[in-house]
Amino acid sequence: MSGPETPAVPPPVQVLIVEDEPVTADAHALYVSRVPGFAVAGVVHSRAEALRALERSHVDLILLDLYLPDGHGLALLRSLRAAGRTTDVFAVTSARDLAVVREGVSLGVVQHVLKPFTFPTLRERLMRYAEFRSETATADGAAASQAEVDRALSGLRAAPGGTALPKGLSAATLDAVTRELRGAGEAGLSAAAAAEALGVNRITARRYLEHLVEGGSASCAPQYGHVGRPELCYRWRD
């Protein structure tokens, strides 16, 4: 007498990383590889490389940077849709222009993830996407009601609940710190310099800078050349 059948394990979601900055691309690939049920189908750095990769390999999801050296990411997406490709897309970018967000949605972007972000941010969005795929793949026939359609979309579109900033940090101030740090370039910023630029105290500035370091978006190293203890200098990793 045979035992109960073991449920079939679905194949991993194949993800193509399209990102022109190699360090960032590698970080995104590492993030994806750490999420159960997902696998990296490839890592490319331009629109042309992305098109070649999509011809060679099966891809379920594209993590798409919008600013590529040979064209805008949405131009790539338009060409895919014109060719009849329905591959899902996460726009992973620093672009905050709502017109770009609207165009992305019209082209089938299912998530718009703003840089900088941490692993938990991407992990939760990928897991919500996996749930959406699972629910719609196993659904039998047409939706019975508007409520059923809403339920299918709610998990995908809802704001992640587990990616809140640490207590005492605000998204607005984090954006301001991020802009200052990116603008500082290779020279970097100390906590004191960031505090002065933003009009906050040094301890507060350091908390935000350390948060960016912990998330992998920034690095820090001692800065020597002054009397007394060396001061930490923070730099944007891109």
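As a starting point, this report considers the structure included with it.

1. Some remarks on the packing of aromatic side chains
At step 1: A complete count under the given rule lists two aromatic pairs for this structure.
At step 2: When the ring of Y31 is compared with that of F119, the centres are 5.5 Å apart and the planes differ by 50°; the resulting orientation is tilted. One end of the pair, Y31, is in helix 1 (residues 22–33); the other, F119, is in helix 5 (residues 119–138), with 88 residues separating them in the sequence. When sorted by exposure, Y31 lands in the same class as F119, which is buried.
At step 3: With a centroid separation of 5.7 Å and 80° between ring planes, the pair formed by F90 and Y129 is classed as edge-to-face. Placement of F90 in strand 6 (residues 88–93) and of Y129 in helix 5 is noted, with a sequence separation of 39 residues between them. Here the two residues F90 and Y129 agree in accessibility, since each one is buried.
At step 4: Above the ring of F119, the side-chain terminus of R34 is found at 3.9 Å from the ring centroid.

2. Structural notes on the environment of D88
At step 1: Within the element layout of this structure, D88 appears in strand 6.
At step 2: Each C-alpha atom, one on D88 and one on L63, is 9.0 Å from the other, the two residues being 25 residues apart in sequence.

3. Quick word on the nonpolar core
At step 1: By size, the foremost hydrophobic cluster in this structure holds 21 residues, and its most contacted members are L16, V18, I62, L64 and L66.
At step 2: Those elements giving two or more residues to this core turn out to be strand 1 (13–18), helix 2 (47–56), strand 3 (61–64), helix 3 (73–82) and strand 6.
At step 3: The element that contributes the greatest number of residues to this core is helix 3, accounting for four residues.
At step 4: For I62, the residues in contact, after removing those within four places along its chain, are L16, V18, L54, L80, T87, D88, V89 and F90.

4. Quick word on the environment of R235
At step 1: Counting through the fold element by element, R235 comes out in strand 9 (residues 231–236).
At step 2: The class of R235 is partly exposed, set by a relative accessible area of 26%.
At step 3: Put simply, R235 and L181 are 54 residues apart on the chain and 6.4 Å apart in space, counted from C-alpha to C-alpha.
At step 4: Once residues lying within four places of it in the same chain are set aside, the contact partners of R235 are L181, G185, E186, A187, G188, A218 and S219.

5. What about the sheet that holds strand 6?
At step 1: The parallel open sheet is built from five strands, whose spatial order is 2-1-3-6-7. The two strands at the open ends of the sheet, each matched to only one other strand, are strand 2 (38–44) and strand 7 (109–114). Going across the sheet, the axis of each strand differs from the next one's by a mean of 20°, ignoring polarity.
At step 2: In this sheet, strand 3 lies alongside strand 1 in parallel orientation, the contact comprising four bridges. Across the sheet, residue V18 finds its bridge partner in strand 3, namely L64.

6. Considering helix 9 (residues 202–214)
At step 1: Relative to the 18 Å expected for 13 residues at 1.5 Å per residue, helix 9 spans 18 Å between its end C-alpha atoms, a close match to the ideal helical length.
At step 2: Those residues of helix 9 not exposed but buried are A205, Y208, L209, H211 and L212. One side of helix 9 holds all its buried residues, which, seen down the axis, span an arc of 150°. Residues I203 and E214 are exposed on helix 9 and point more than 90 degrees away from its buried face.
At step 3: Of the surrounding secondary structure, the elements contacted by the buried residues of helix 9 are helix 7 (171–184), helix 8 (191–198), strand 8 (218–223) and strand 9.

7. Regarding the pattern of salt bridges
At step 1: Evaluated as defined, the whole model comprises seven salt bridges.
At step 2: Ionic pairing is found between E55 and R85, a salt bridge with its closest N-O pair at 3.4 Å. Taken as a pair, E55 in helix 2 and R85 in the loop between helix 3 and strand 6 lie far apart in primary sequence, 30 residues in all.
At step 3: On the accessibility criterion, E55 (62% relative accessible area) is exposed.
At step 4: The partner of R133 in a salt bridge is D60, with the nearest N and O atoms 3.9 Å apart. With a gap of 73 residues between them, R133 in helix 5 and D60 in the loop between helix 2 and strand 3 connect regions that are remote in the sequence.
At step 5: By relative accessible area, which is 29% here, R133 ends up partly exposed.
At step 6: Residue class for D60 comes out buried when judged on its relative accessible area of 12%.

Rules used throughout
- Residues numbered from 1 in each chain as written.
- Predicted model: local features only at pLDDT ≥ 70, side-chain atom pairs only at ≥ 80, totals over all residues.
- Heavy atoms only, no water.
- Phe/Tyr/Trp six-rings, centres within 6.5 Å; stacked < 30°, edge-to-face > 60°.
- Helix = DSSP H or I, 4+ residues; strand = E, 2+ residues; numbered from the N terminus.
- Buried < 20%, exposed > 50% of the residue type's maximum accessible area, 1.4 Å probe, protein only.
- Lys NZ or Arg CZ within 6 Å of the ring centre and 35° of its normal.
- Core = buried A, V, L, I, M, F, W, Y, C linked by side-chain atoms within 4.5 Å.
- Contact = heavy atoms within 4.5 Å.
- Pairing = 2+ DSSP bridges.
- Axes fitted to C-alpha atoms, helices over the stretch in contact; angles between N-to-C directions.
- Expected span 1.5 Å × (residues − 1).
- Arc of directions from axis to C-beta.
- Salt bridge = Lys/Arg side-chain N within 4 Å of Asp/Glu carboxyl O.

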